[in-house]
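Spelled out, the chains give:
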Amino acid sequence: MYYLMLARLFAIPLLLLAGTAILALLLPWFADQLQTSAILSQASLTVRNWTPYVTGAFLAASVITAAVQGWELWQWRRGNREICHRCGGMVEHKSGRYGPYWRCLACDKNSSIR
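What comes next concerns the included structure.

Conventions and cut-offs
Residues numbered from 1 in each chain as written. Predicted model: local features only at pLDDT ≥ 70, side-chain atom pairs only at ≥ 80, totals over all residues. Heavy atoms only, no water. Helix = DSSP H or I, 4+ residues; strand = E, 2+ residues; numbered from the N terminus. Rg over C-alpha atoms; globule rule 2.2 N^0.38 Å. Buried < 20%, exposed > 50% of the residue type's maximum accessible area, 1.4 Å probe, protein only. Contact = heavy atoms within 4.5 Å. Areas by Shrake-Rupley, 256 points an atom, 1.4 Å probe, with all protein chains shown as cover. Lys, Arg positive; Asp, Glu negative; His and termini not counted. Charge placed at Lys NZ, Arg CZ, Asp CG, Glu CD. Pairing = 2+ DSSP bridges. Phe/Tyr/Trp six-rings, centres within 6.5 Å; stacked < 30°, edge-to-face > 60°. Lys NZ or Arg CZ within 6 Å of the ring centre and 35° of its normal.

## Focus: the overall build of the protein
Across its full length, the protein carries three helices and three strands. In terms of C-alpha radius of gyration, the protein reaches 21 Å, well past the compact-globule figure of 13 Å for 114 residues. With the principal axes as the frame, the protein shows a C-alpha extent of 65 × 30 × 20 Å. Counting over 114 residues, the protein shows a buried share of 25%. Sequence-distant contacts in the protein: of pairs separated by 6 or more residues, those separated by 24 or more amount to 41%. Carbon and sulfur atoms make up 65% of the accessible area of the protein, which totals about 7,900 Å². Distance from the positive charge centre (11 side chains) to the negative charge centre (5 side chains) of the protein: 7 Å.

Now the structure itself:
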């Protein structure tokens, strides 16, 4: 269950990292496709010039979210965060239709906060 909790915890940073790789491959290809048109050739230069900034922003977002999630995991391991009363896993607070609740990242159980 610990590995499932880690997968849920670091899913967003991993998706952002995958998005960085995909953008690094697709944006130059897209710029090449724009280069074939005489009207859109200037847009091709703009896409080429902005590619490092866009991929860098995605990479920075991935690193920042991974650092935040790593901090949360470290705090949980030290005992400074709430734990699931069923399995001892890390919980995240959410707000739902019937009020606030927490969801365990390890066993995926929900419990009302009251």
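## Describing the pairing of strand β2 (residues 99-104)
Two elements, strand β1 (residues 91-96) and β2, share six bridges in a ladder whose sense is antiparallel. Residue pairing in the sheet places H93 in a bridge with W102 of β2. Here β1 folds back onto β2, and the loop between the two strands holds two residues. Relative to strand β3 (residues 110-112), β2 runs antiparallel, the two sharing three bridges. Among the inter-strand pairings, W102 is bridged to a residue of β3, identified as S111. Between β2 and β3, which pair antiparallel one after the other, the connecting turn spans five residues, and D108 there sits at a positive phi close to 65 degrees.

## Thoughts on the packing of aromatic side chains
Counting across every chain of the model gives four aromatic pairs. Relative to Y3, the ring of Y2 lies with its centre 6.2 Å away and its plane at 70 degrees, an arrangement referred to as edge-to-face. Among the residues examined, Y3 registers a relative accessible area of 70% and is labelled exposed. Members of the aromatic cluster, connected to one another through ring pairs, are Y2, Y3 and W76. Above the plane of the ring of W74 lies R78, whose end atom (NZ or CZ) is 4.7 Å from the centre.

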